[in-house]
Each structure stands twice: as structure tokens, then as C-alpha cells.
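# A closer look at the structure
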Amino acid sequence: MALLGPTLHAVERGTGPRLILVHGVAGSCMVWDEISPGLEPYFTLTSVDLLGYGHSPKPRTAYTPGLHVESIRRTLRRMEIDPPHTFVGLSMGSNLVLEFARRWPDEVRELIGIGFPYYASEAEARVALQHNAWIRLTLRHPIVAAVATPLIWRIGRHTAGLYPNRSTLY
């Protein structure tokens, strides 16, 4: 079966049972760098850059939860990581791992949600998310964010090779 569509940049490290790590808004797989050394002796960590983030492709399309989880699933298949999966989601990543489980319940062993975002309305979310500098920039100055964010991610791409982990686009 051909796997069509974009796949994601992923970083693998550690040994033991596998955890699939999914970051939140304005993040990348690097958000897990602080806690990874403590987990690596016990778990194989597979952290992904979501579509449009970090080193993953940035197609011109609507970034829906469905597109994100399909890209995660496609990437895990290309990496030959067999289900069922244990997911750890951070913020928006928590919502995405729930969507993955809703779509493919037989492919999920466990879900862990950290900083699970829930807002009763879009207006409430916009107010609550103002503490995040990236989101604040995007909401207040979308044109500046559209220019600055790709530039900052390009700088990140040039520094990614400085870190001692296996980093691959699948």
C-alpha cells in the first residue's frame, strides 16, 4: 500500500518501550530535550515535528487536526513502528493524540496528556493563549509572525546538527 502525503521529521533516542512524543503549538521536537535524558534509560523516545513545525514539511494547506494525525500515522508506518502506540501529547499535542485514538483506537495502547488545552470558545482561547510569546505574536501581528517565524525556524535548522541525537525526516 502506497503511503501518500507528507511525512514528518522525527528524532529517536533511548531504549525500552516506545513513547511517541507530540509537541504543541509553536513547538518542535526540541521541547522534549530537557526531560529526554531522564527518560532515555527507560524508554525509546520518538518525538515528531508536526507538519508545518520544526524540520517537517510546510505545505501550503489548511493544518487541520485530521491532517496532523494522518501525518503522524504515516510517519510511524514509514519508520516501521508497529502499533499499538503509547502517545505523550503536550498542549495541542494532547488534543491530537486524542484525535488519533478516536480515529484508530486499535492502534493506541495508552495516552498521556500534559497541559491539556480546553477552551469553551475561540474568544476564550485567544485570551488564555496570550501568555505564549509565539501565539501572542501571531495573534497581534500576523504579518510580522509570517516573516519572523520561518526565519527563526531556518536558524533552528542550521543548529539542529549540533545536537547528538538521531534526527531523520521520514
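Residues numbered from 1 in each chain as written. Predicted model: local features only at pLDDT ≥ 70, side-chain atom pairs only at ≥ 80, totals over all residues. Heavy atoms only, no water.

### Topic: a nonpolar patch on the surface
- There is a patch of nonpolar side chains on the surface, built from Leu98, Leu111 and Phe116 and spanning about 250 Å² of accessible area.
- The exposure class of Leu111 is partly exposed, given its relative accessible area of 33%. (Patch = residues over 30% accessible without salt bridge, like charges linked within 9 Å, V, L, I, M, F, W, Y side chains within 5 Å. Areas by Shrake-Rupley, 256 points an atom, 1.4 Å probe, with all protein chains shown as cover. Salt bridge = Lys/Arg side-chain N within 4 Å of Asp/Glu carboxyl O. Buried < 20%, exposed > 50% of the residue type's maximum accessible area, 1.4 Å probe, protein only.)

### A short note on the packing of aromatic side chains
- For the structure shown, the criterion picks out two aromatic pairs.
- Here Phe87 and Phe100 contribute two aromatic rings whose centre-to-centre distance is 4.7 Å and whose plane-to-plane angle is 55°, an arrangement assigned as tilted. With Phe87 in strand S4 (residues 85-90) and Phe100 in helix H3 (residues 92-103), this residue pair connects regions lying 13 residues apart in the sequence. Each member of the pair Phe87 and Phe100 is classed as buried.
- Between Phe100 and Trp104, the ring centres sit 4.9 Å apart and the planes meet at 65°, which makes this aromatic pair edge-to-face. In this structure, Phe100 and Trp104 share a single accessibility class: buried.
- Linked through ring pairs, Phe87, Phe100 and Trp104 together constitute an aromatic cluster. (Phe/Tyr/Trp six-rings, centres within 6.5 Å; stacked < 30°, edge-to-face > 60°. Helix = DSSP H or I, 4+ residues; strand = E, 2+ residues; numbered from the N terminus.)

### Points about the pairing of S4
- Taking burial as the measure, the six residues of S4 include five buried ones, the bulk of the element.
- The sheet contact formed by strand S2 (residues 18-22) and S4 spans three bridges and is parallel. Within S4, the position partnered with Leu21 by the bridge is Val88.
- Note: S4 against strand S5 (residues 108-114), six bridges, orientation parallel. Bridge pairing in S5 links His85 to Val108.
- Between the parallel elements S4 and S5, the chain passes through H3 in a crossover that is right-handed. (Pairing = 2+ DSSP bridges. Right-handed = clockwise from strand over helix to strand, strands pointing away.)

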